[in-house]
Amino acid sequence: MELYKELHAEHGCPLKPSRTNLVFGMGNADAELMFVGEAPGRDEDLQGKPFVGRAGRLLDQLMEEIGIQRSQVFIANILMCRPPGNRDPLPEEIEECKPYLMRKIQLIEPKMICTLGNFATKTITGSPIGITRVCGRPQQREIAGLDLTIYPLFHPAAALRSTGCLNDLREHMTRIPGLLEELRKPAEAPEAEPVGAPQLDLFG
Ligand code: URA
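Residues numbered from 1 in each chain as written. Predicted model: local features only at pLDDT ≥ 70, side-chain atom pairs only at ≥ 80, totals over all residues. Heavy atoms only, no water.

*Asks:* Looking at this model, I keep getting lost on the nonpolar core. Mind explaining?
*Replies:* It is characteristic of soluble globular proteins that their nonpolar side chains tend to be buried jointly. Counting residues in hydrophobic clusters, the biggest one holds 30 residues, and the most contacted among them are Leu33, Phe35, Leu153, Met173 and Ile176. Mapped onto this core, the elements with two or more residues apiece are strand S2 (33-37), helix H3 (54-65), strand S4 (112-116), helix H6 (131-134), strand S6 (146-153), helix H7 (156-161), helix H8 (163-174) and helix H9 (176-184). It is H3 that provides the largest number of residues to this core, a total of five residues. For Leu153, the contacting residues outside a window of four places in its chain are Phe35, Cys114, Thr115, Leu116, Gly117, Ile131, Cys135, Leu169, His172, Met173 and Ile176. Core analysis: the next-biggest nonpolar cluster, separate from the first, contains 28 residues, Phe74, Ile78, Ile143 and Ile150 among them. (Core = buried A, V, L, I, M, F, W, Y, C linked by side-chain atoms within 4.5 Å. Buried < 20%, exposed > 50% of the residue type's maximum accessible area, 1.4 Å probe, protein only. Helix = DSSP H or I, 4+ residues; strand = E, 2+ residues; numbered from the N terminus. Contact = heavy atoms within 4.5 Å.)

*Asks:* Looking at this structure, I do not really get the site of the ligand. What am I missing?
*Replies:* Gly37, Glu38, Ala39, Glu44, Pro50, Phe51, Asn77 and His155 make up every residue found near the ligand. Residue Ala39 places a main-chain N or O atom 3.0 Å away from a nitrogen atom belonging to the ligand. Separating an oxygen atom of the ligand from a side-chain N or O atom of His155 is a distance of 2.8 Å. Contact with the protein chains hides 91% of the accessible area of the ligand, taken as 240 Å² for the molecule alone. Classifying every residue of the shell around the ligand by side-chain character gives three nonpolar, three polar and two charged. (Near = heavy atom within 4 Å. Polar contact = N/O pair within 3.5 Å; in protein donor to acceptor, adjacent residues only side chain to side chain. Areas by Shrake-Rupley, 256 points an atom, 1.4 Å probe, with all protein chains shown as cover. Nonpolar A, V, L, I, M, F, W, Y, C, P; charged D, E, K, R; others polar.)

This is the structure we're talking about:
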């Protein structure tokens, strides 16, 4: 993939010196569904793959519960390099990585993007409203020039720490197959106005 090669040559992330591997993202390049997380953690940095640690195993399990395999989706992160000690991504790191994420979205053309956690949700929607208020509520947005459904979800790492988050994440994920089914339906053409139709007599 051209973008992958270009990235290794040109990606000027400030985190380059401290990372082990760049985590490009992985999965089906024709996926209808993308998951976007925050940034690689220790396991991801070591393996060069997204969501392969504890949070990733939980994500796999929850996908399996709704009949979705990892091979069907594309999984990426806002950042491609691990922030030292898993600290929060800095604005300049997000700005460096975001154009590459947008190009992945343009290439894959998913029907829906599930944003995992606060950072991914705020970065993708461009809205400051936090995950607790928007999780489980699909929203229509123009992202990377595409009209997409964004479905914000709690981050699996938060679900590992809180049973409440886990229950919410699990319940919100059960809606994914139905949402995708809806999005597969062709958009209905607006009904044409009958030409020269007689006016209804409103008063009998
Ligand atoms: N958390 C993330 O946000 N992304 C990963 O790839 C792993 C953990």
